[in-house]
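An overview of the molecular structure
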Amino acid sequence: MASLPEMEPPRLAFGVTSFVLGMIGFMLFFLPILGAPISAIGMAAGIAGCLLAGATSRGSMRWSVGGVVLCCLALGINVAVAYAPRFSAPPTGPPAVSVPDRPYVSPPSLAR
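Values in this document were obtained by computation on a predicted structure and should not be read as measured data. (Residues numbered from 1 in each chain as written. Predicted model: local features only at pLDDT ≥ 70, side-chain atom pairs only at ≥ 80, totals over all residues. Heavy atoms only, no water.)

Points about the packing of aromatic side chains
The line we're drawing: Within 6.5 Å between ring centres, the rings of Phe, Tyr and Trp (the latter by its six-membered ring) count as paired, and their orientation is classed by plane angle as stacked under 30 degrees, edge-to-face over 60, tilted in between. Only DSSP runs of H or I covering at least 4 residues are called helices, and only runs of E covering at least 2 are called strands; the numbering of each starts at the N terminus. Burial status follows relative accessibility: with a 1.4 Å probe on protein chains alone, a residue under 20% of its type maximum counts as buried, one over 50% as exposed, and anything between as partly exposed.
Following the criterion strictly, the structure yields 2 aromatic pairs and no others. Seen in terms of ring centroids, Phe19 and Trp63 are 5.3 Å apart; in terms of plane orientation they differ by 85°. Their pairing is edge-to-face. Residue Phe19 is found in helix α1 (residues 14-27), and its partner Trp63 is found in helix α3 (residues 61-82); the two are separated by 44 residues along the sequence. Residue classification places Phe19 among the partly exposed positions, given a relative accessible area of 29%. Overall, Trp63 belongs to the partly exposed group, its relative accessible area being 42%.

Notes on the state of the cysteines
Quick reminder of the rule: Cysteine sulfur atoms are paired as a disulfide whenever they fall within 2.5 Å.
Tallying each qualifying case throughout the model produces 0 disulfides. Not engaged in a disulfide, the cysteine Cys71 finds its nearest cysteine sulfur in Cys72; these two sulfurs lie 7.3 Å apart.

So, the environment of Gly66
Structurally, Gly66 can be placed in helix α3. Sequence separation of Gly66 and Gly22 is 44 residues, and the distance between their C-alpha atoms is 9.3 Å.

Thoughts on a nonpolar patch on the surface
Short version of the rule: Each patch is assembled from residues with relative accessible area greater than 30% and no salt bridge, linking like charges that lie within 9 Å and nonpolar side chains (Val, Leu, Ile, Met, Phe, Trp, Tyr) that lie within 5 Å. The method behind every accessible area is Shrake-Rupley, applied with a 1.4 Å probe, and residues are considered shielded solely by the protein chains displayed. What makes a salt bridge here is a side-chain nitrogen of Lys or Arg within 4 Å of a carboxyl oxygen of Asp or Glu, nothing more.
Together, Phe29, Phe30, Leu31, Ile33, Leu34, Ile77 and Val81 make up an exposed nonpolar region whose accessible area comes to about 650 Å². For the nonpolar patch, the secondary-structure elements that each account for two or more residues are α2 (32-55) and α3. Tracing the backbone shows Val81 in helix α3. Looking at Val81, the relative accessible area reads 33%, which means it is partly exposed.

Structural data, given as C-alpha cells:
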C-alpha cells in the first residue's frame, strides 16, 4: 500500500494581513480616526508575523517587514493629519472691531 504524501502545514498570513491593513490605513489618511487604529492593528500583526517567521518556517519575513514599514508610514501620516490644525498659523483677517470709549448718545428728537 502506498503511503500518503506529507502535507506542508498552511503558511501563516500575518505579513500579508499587515501589508493589506497598511494599505487601507494609507487610503484612509483623511480619516485619521479610522486610519490610525487600522494601521496600529496592522503593525501588531506585522510584528507578530516577524516573530513567528523568525521562530518557525511557517511565516514570511518579507511580507511581515514590508507590512510593518507600510503600517509605520501610514500611522505617521494619520497622526500628522490628526494633529495638523494645532501647528497651523492663526487665521489672518480684518482687525477686530473695537468698542468706542464714550457711550452711545441718541440723536435729538424732531418733535416740537
